[in-house]
Amino acid sequence: MCLLDPAGMANAADAFAEQRRGMVQGQLRDRGVRSPGLLDAMLAVPRHEFVPATCRDAAYSDQPLPIGLGQTISQPLIVGLMTEALALAVTDRVLEIGTGSGYQTAVLARLASEVFTIEYRPELARAAWIRFRQLGIGNVRVRQGDGGNGWPEAAPFHKILVTAAAAFPPPPLIDQLAEGGRLVMPVGGRQHQELIRIQKRHGRIERQHLDWCRFVPLAGIHGSGRLLAG
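Please read these numbers as outputs of a predicted model, since none were measured by experiment.

As for the overall build of the chain
What the chain contains, in helices and strands, is six helices and nine strands. Projecting the C-alpha coordinates of the chain onto the three principal axes gives extents of approximately 50 × 35 × 35 Å. When each of the 230 residues of the chain is scored for burial, the buried share is 54%. In the chain, once contacts between residues fewer than 6 apart in sequence are set aside, the share between residues at least 24 apart is 58%. Within the structure as shown, the chain displays about 10,100 Å² of accessible surface, and the carbon and sulfur contribution to it stands at 52%.

Some thoughts on the environment of Ala17
Among the structural elements, Ala17 can be located in helix α1 (residues 17–28). A sequence separation of 169 residues divides Ala17 from Pro186, and the C-alpha atoms of the two residues are 31 Å apart.

Digging into α1
The terminal C-alpha atoms of α1 lie 16 Å apart, and with 12 residues this matches the ideal 16 Å at 1.5 Å per residue to within 8%. Within the span of α1, buried status applies to Ala17, Arg20, Met23, Val24, Gln27 and Leu28. When α1 is viewed along its axis, its buried side chains cluster within an angular range of 135 degrees and face the same direction. In this structure, the buried residues of α1 make contact with α2 (36–44), α3 (76–86) and α4 (103–111).

With respect to the nonpolar core
Core analysis: the biggest nonpolar cluster contains 43 residues, and Met42, Tyr103 and Val107 have the highest contact counts within it. Contributing elements (two or more residues each) for this core: α1, α2, β1 (65–68), α3, α4 and α5 (122–134). Apart from residues no more than four positions distant in its own chain, Val107 is found in contact with Leu38, Ala41, Met42, Val45, Val79 and Thr83. Within the second largest apolar cluster, 20 residues are counted, among which are Ala154, Val162, Leu183 and Ile198.

Focus: the pairing of strand β7 (residues 177–188)
In terms of residue burial, β7 counts as a mostly covered element, since 10 of its 12 residues are buried. Sheet topology places strand β6 (residues 157–162) next to β7; four bridges connect them, and they run parallel. Within β7, the position partnered with Phe157 by the bridge is Leu177. A crossover connection joins β6 to the parallel β7 through helix α6 (residues 171–176); in handedness this β-α-β unit is right-handed. Counted between consecutive antiparallel strands, the loop separating β7 from strand β8 (residues 193–201) contains four residues.

Concerning the sheet that holds strand β5 (residues 140–144)
Judged by pairing direction, the sheet is mixed, and its seven strands sit side by side in the order β5-β4-β3-β6-β7-β8-β9 without closing on themselves. Because the sheet does not close on itself, it has two edges, and the strands there are β5 and β9 (204–213). Direction aside, the axes of adjacent strands within the sheet are offset by 15 degrees on average. Contacts from α3 reach β6, β7, β8 and β9 within the one sheet, and its direction differs from that of β7 by about 155 degrees.

Remarks on the pattern of salt bridges
The full count for this structure, using the stated rule, is nine salt bridges. Of the charged contacts, one joins Glu114 and Arg93 as a salt bridge, the two residues approaching to 3.3 Å between their closest N and O atoms. Of this pair, Glu114 sits in strand β4 (residues 114–119) while Arg93 sits in strand β3 (residues 93–97); the two residues are 21 residues apart in sequence, bridging distant segments of the chain. The partly exposed category is assigned to Glu114, whose relative accessible area is 30%. A salt bridge links Glu153 to Arg143; the shortest N-O distance between them is 2.4 Å. Of this pair, Glu153 sits in the loop between β5 and β6 while Arg143 sits in strand β5; the two residues are 10 residues apart in sequence, bridging distant segments of the chain. Under the relative-accessibility criterion, Arg143 is labelled partly exposed at 28%.

The rules behind these values
- Residues numbered from 1 in each chain as written.
- Predicted model: local features only at pLDDT ≥ 70, side-chain atom pairs only at ≥ 80, totals over all residues.
- Heavy atoms only, no water.
- Helix = DSSP H or I, 4+ residues; strand = E, 2+ residues; numbered from the N terminus.
- Buried < 20%, exposed > 50% of the residue type's maximum accessible area, 1.4 Å probe, protein only.
- Contact = heavy atoms within 4.5 Å.
- Areas by Shrake-Rupley, 256 points an atom, 1.4 Å probe, with all protein chains shown as cover.
- Expected span 1.5 Å × (residues − 1).
- Arc of directions from axis to C-beta.
- Core = buried A, V, L, I, M, F, W, Y, C linked by side-chain atoms within 4.5 Å.
- Pairing = 2+ DSSP bridges.
- Right-handed = clockwise from strand over helix to strand, strands pointing away.
- Axes fitted to C-alpha atoms, helices over the stretch in contact; angles between N-to-C directions.
- Salt bridge = Lys/Arg side-chain N within 4 Å of Asp/Glu carboxyl O.

Next up, the structure:
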């Protein structure tokens, strides 16, 4: 079983540099992720620091990995595709729902001005907060709670990323999306999900299909309890 151990993270990040280069080239660039800034961010963020110590040898493999409590760190390609779909600007304020290990958060933090991230599970929220401090990531704010309700007092957000699936986008998140903003998330049933992008234009919502996917259910009142069976 993989167990997260923030206090025991390795200091020699360069030991994995070649594996990170291979990940960026083989899993991202060769499979359609093109944004230079995003590729640089994923080359820079040490993914091995966000997985359990017992899983570090697989940190740069083309697969999701367990991080405990029934949760996973997403496959690198999915992180790349979802982040690229946001079309981040350096001035953006981003809301992330589902902090998990904090890896996706760290990638967002290199590309945006501020990241507000919400994690439902207290243990994961605290572990991620510790990890951000240890890695010197200073433009991230962490909250433990029901992410489907968003972060009202910090809204509106230019971009919103949801890293767990629900039957439909939670209405509070749509309300907290700025005019011209983008929201990317998986929607659908437990077995069949699609990755979508929502754009808010003149107060209206435009929805676009991006890909098919498989994510863990979103926790909270807008999530797993309302996830369709199909």
